[in-house]
Structures are given as structure tokens and as C-alpha cells.
Amino acid sequence: MNEQKLIDTAKTLVASDKGLLAIDESSPTCNKRFAKLEIPQTEECRRTYRELLITTPGLGEFISGVILYDETIRQQKKDGTPFMQVITDAGIIPGIKVDIGAKDMAGHPGETITEGLDGLRDRLQEYAQMGARFAKWRAVITIGADIPSQGCIEANAQTLARYAALCQEAGLVPIVEPEVLMAGAHTLEQCGEVTAKVLQTVFQQLYTQRVLLEGIILKPNMVLPGLTCPQQASVEEVADATVQCLLRSVPAAVPGIAFLSGGQSAELASARLNAINLRFKARSPWALTFSFARAIQQPALELWQGKESNVLAAQQVLLHRAECNGAARQGKYTEAMEWTKV
Ligand code: 13P
């Protein structure tokens, strides 16, 4: 295992106040988002949309890495240029989602286990040969009556750790993503307790599976009250609860924490990331950055609507969101940035 290569890649991904853009929706998930906007759900439309995203001029100024999906990593621009070349030419590191989805977990009603370990060693080798330098695996934890269970947390944590070990063997930096969902009526405190328990179990397993902590990136949820909790929280309360939970759970050896957006609005995700950095950047042991899908893409997707004539406007909106999140990494995002958008 080339430890230095892993460490260098992980550091580069979280350096220079940049963050990650996730465009790794599976085809069914991408189709669902297209369907809501009445965009045709075809492979060509998905290709056209991903071309729009990765050819956005200036994207590399705010984005260090892009997470692709198996279909997308093999695609080309309309003019035949491979997507992988477009991305690397923009100074952006390409990565790949390698889990095959969260499936109902036997004996655990309402809970899921993420699959994809079978054959993973061979798939990782192929992706590495194609030029991918990091990977992603998402485990999903739901808060509800009597859940999450110990069985679900442990199984997902061990699976994440085995994935991470295989990635490092293949020379890819694993993004370790245990997502505690926002859906539910739980409080901010309950989310903090569950997230801490999940992260502590994940790091125990990463340690047991001999994963090099300096060569991973953690992709957690922010600590948030459930969507239907009557008591919502200020951005400052979210920042404090999130960082307190992370400080209690994540070893300082980890170079970076890149939050997922999880269905928050684009503006809220930026405001919360900003508060996190404004209050804690100076004394945080890790870079605190973003790895958003919806919170960067959604406004651009809504503007595009599948129409060629909207491509430039959609790219401007995408770049604006990337810029807002770049500013949020520095604690310099303001609401006024939203008024200047195109
Ligand atoms: P969201 O930012 O839309 O939650 O997506 C992040 C991601 O990569 C999910 O795995």
C-alpha cells in the first residue's frame, strides 16, 4: 500500500478551501429527479446533464473532486472527449461511487444495509486503471421508534471499514459516508446522540480493519433536528451540535470532514457550513468542507429543464453554488451572496 499517495490525495481533496461535488446519483435516482421536472429519463439525457455539470467554466476554482457513477465514468462529451479527461483537464480529481445501494436489512424492519463488497476488489482495480483516485460508499441510518438498532449500526460500520480497506489496497482514498437521515420528528439532541454512536462505531471498525486514518475522508451528516421536529434549530445551534459531536467521535488523524447535504436547501447548507467554519475553523483538527450533491446541483437542474438553451444559465447557477460553499469553508459566506446570483 502506497501510504504517501493516499495521504497526498486526501489532503489535496480538502485543501485550498475547495470541496467536492457529488454527481454520483444512480440512474434510478437521477431518473426520479428528472421525472419531477418532466425531463426525459434516458441515458442520453443523463449524459447531457452530466456534461453540463463537468464543463462548467471555472468549476475547478471551488471544486477539488467530483464523484461519478459507473455509467458516468465511462461516458464522453458530445464531441467524444472522455468525461475523465474533461475533469482532470479542469484540475479536478475524479472519484467513483462503488456501493450498489442500501437494501432492506434482514431481521431489522425499517433499516438498511449497504451492499457492494462482493467483487469490489476487481471493480476498484478497474476504476483505478480508468484514473479514479478516490471512492465513495454510503451507509444509511434511520432514526425512528426503537431504531437505529445496534445490529444495523455495527453491520454498516463494519461494511464501511471493509470497503475502506479495499480502497486503500487499490490506491484509492475512501470517502466513508455514514448518513443519519434527516427524515423524522427527532430532536437535535437525538440526532447528535445517534450520530456520535454511529461515528464511534465506524472508527472502531476502521481501526480494527487496519484502515489508515490519514488516508480517508469522512462524509457525515450535519447534526440537525428531524424534518418534522417542532423545535427547529438556528444555524449556530446546528454548528455547535455538529462540531461537538465530531470532536467526541472523530480522531484528529483524519485530514478532512466533508459534509453531505442530505436534502437541506442549498442556502441552508451553505449557511450552516459557514457557521461551522466561522466558529470552529481556527481550532478544528480537520478541514471542514462540503461534498454536496443536491445542495449544489438542484438549482441548476431546475433551471436546465433538459433544454439546450438553458445550459449556460444552469452552469452559472451551479458555479454560484460552488462559490457560495467555497466562501462558507472560509466563514465568509453571507446572505448577500444570494442576491448577486444570476
Ligand atoms: P446530498 O448532498 O444530496 O445529500 O448527496 C450527497 C451524497 O453524495 C449522497 O451519497
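Here goes a summary of the coordinates provided.

### So, the overall build of the protein
Of the regular secondary structure elements, the protein holds 13 helices and ten strands. Compactness check: the protein gives a C-alpha radius of gyration of 19 Å against a globular reference of 20 Å for 342 residues, within 12% of the reference. Based on the C-alpha atoms only, the size of the protein along its principal axes is roughly 50 × 45 × 40 Å. Within the protein, the fraction of its 342 residues that count as buried is 57%. Put simply, of all contacts in the protein between residues at least 6 apart along the chain, 78% involve residues at least 24 apart. Approximately 14,400 Å² of the protein is accessible, and the part contributed by carbon and sulfur atoms is 50%.

### Quick word on the site of the ligand
Near the ligand lie 13 residues; those nearest to it are Lys136, Lys219, Ser261, Gly262 and Arg294. Residue Ala293 places a main-chain N or O atom 2.8 Å away from an oxygen atom belonging to the ligand. Elements that contribute at least two residues to the shell around the ligand include exactly strand 6 (134-141) and strand 10 (287-292). Classifying every residue of the shell around the ligand by side-chain character gives four nonpolar, three polar and six charged.

### Points about the sheet that holds strand 6
Read around the closed barrel, the eight strands follow the order 1-2-3-6-7-8-9-10; overall the barrel is parallel. Pairing of strand 1 (residues 19-22) with strand 10 involves two bridges; the strand directions are parallel. Paired with Leu20 across the strands is Ser291, a residue of strand 10. The strands touched by helix 8 (residues 188-208) are strand 6, strand 7 (173-180) and strand 8 (217-218); relative to strand 7, the strand with the most contacts, the crossing angle is about 150°.

### Quick look at the pairing of strand 9 (residues 256-259)
Burial along strand 9 is two-sided: Gly256 and Ala258 facing one way and Ile257 and Phe259 facing the other are all buried. In the sheet, strand 8 pairs with strand 9 via two bridges, with the strands oriented parallel. Note that in strand 9 the partner of Leu218 across the bridge is Ile257. Read from strand 8 through helix 9 (residues 235-249) to strand 9, the crossover connection turns out right-handed. Pairing analysis gives four bridges linking strand 9 to strand 10, with the strands arranged parallel. Counted as the bridge partner of Ile257 is Leu288 from strand 10. Each parallel crossover has a hand, and the one from strand 9 via helix 10 (residues 266-280) to strand 10 is right-handed.

### Focus: helix 10
Taking 1.5 Å per residue, 15 residues should reach 21 Å; helix 10 reaches 21 Å between its end C-alpha atoms and fits that length. When helix 10 is considered as a whole, its buried residues turn out to be Ala266, Ala269, Ser270, Arg272, Leu273, Asn274, Ala275, Ile276, Asn277 and Phe280. Buried residues along helix 10 sit in contact with helix 9, strand 9, strand 10, helix 11 (294-304) and helix 12 (311-329).

### Looking at the packing of aromatic side chains
Taken as a whole, this structure holds five aromatic pairs when the rule is applied. Ring centres of Tyr49 and Trp304 lie 5.3 Å apart, and the angle between their planes is 25°; on these two criteria the pair is classed as stacked. Here Tyr49, found in helix 3 (residues 43-54), pairs with Trp304, found in helix 11; they are 255 residues apart in sequence, far enough to count as distant. With respect to burial, Tyr49 and Trp304 carry one shared label: buried. Ring-pair connections join several aromatic residues into one group, and the members of that group are Phe34, Tyr49 and Trp304.

### Examining helix 9
Between its first and last C-alpha, helix 9 extends 21 Å over 15 residues, near the 21 Å set by a 1.5 Å rise per residue. Every buried residue of helix 9 is listed here: Val238, Ala239, Ala241, Thr242, Val243, Cys245, Leu246 and Ser249. On its buried face, helix 9 is in contact with helix 8, strand 8, strand 9, helix 10 and strand 10.

### Section: the nonpolar core
Membership of the largest hydrophobic core comes to 98 residues, with the highest contact counts inside it found for Tyr163 and Leu206. Not counting chain neighbours up to four residues away, the residues in contact with Tyr163 comprise Val98, Leu117, Leu120, Ala135, Lys136, Trp137, Pro174, Ile175 and Val176. Core analysis: the next-biggest nonpolar cluster, separate from the first, contains 17 residues, Ala10, Val14, Ile67 and Ala287 among them.

### Remarks on the packing of helix 9 against helix 10
Each pair of packed helices can be described by the angle between their axes along with the distance between the axes. Packing of helix 9 against helix 10 brings their axes to within 8 Å, and their N-to-C directions diverge by 60°. As summarised for this structure, helix 9 and helix 10 are arranged oblique, according to the angle between their axes. For helix 9 against helix 10, the interelement crossing comes out right-handed. Taken together, the residues of helix 10 that come into contact with helix 9 (itself represented by Val235, Glu236, Val238, Ala239, Asp240, Thr242 and Val243) are Leu268, Ala271, Arg272, Ala275, Ile276, Arg279 and Phe280. A per-class count over the contact of helix 9 with helix 10 returns nine nonpolar, one polar and four charged.

### Considerations on the environment of Glu169
Residue placement: Glu169 occurs in helix 7 (residues 150-169). Take Glu169: its relative accessible area is 46%, and that puts it in the partly exposed class. Sequence spacing of Glu169 and Met1 is 168 residues, and the spatial spacing of their C-alpha atoms is 5.6 Å. With residues up to four places along the chain from it excluded, the contact list for Glu169 reads Met1 and Arg121.

Rules behind the numbers
- Residues numbered from 1 in each chain as written.
- Predicted model: local features only at pLDDT ≥ 70, side-chain atom pairs only at ≥ 80, totals over all residues.
- Heavy atoms only, no water.
- Helix = DSSP H or I, 4+ residues; strand = E, 2+ residues; numbered from the N terminus.
- Rg over C-alpha atoms; globule rule 2.2 N^0.38 Å.
- Buried < 20%, exposed > 50% of the residue type's maximum accessible area, 1.4 Å probe, protein only.
- Contact = heavy atoms within 4.5 Å.
- Areas by Shrake-Rupley, 256 points an atom, 1.4 Å probe, with all protein chains shown as cover.
- Near = heavy atom within 4 Å.
- Polar contact = N/O pair within 3.5 Å; in protein donor to acceptor, adjacent residues only side chain to side chain.
- Nonpolar A, V, L, I, M, F, W, Y, C, P; charged D, E, K, R; others polar.
- Pairing = 2+ DSSP bridges.
- Axes fitted to C-alpha atoms, helices over the stretch in contact; angles between N-to-C directions.
- Right-handed = clockwise from strand over helix to strand, strands pointing away.
- Expected span 1.5 Å × (residues − 1).
- Phe/Tyr/Trp six-rings, centres within 6.5 Å; stacked < 30°, edge-to-face > 60°.
- Core = buried A, V, L, I, M, F, W, Y, C linked by side-chain atoms within 4.5 Å.
- Parallel < 35°, antiparallel > 145°, perpendicular 65-115°, else oblique.
- Left-handed = near helix turned anticlockwise from the far one by under 90°.

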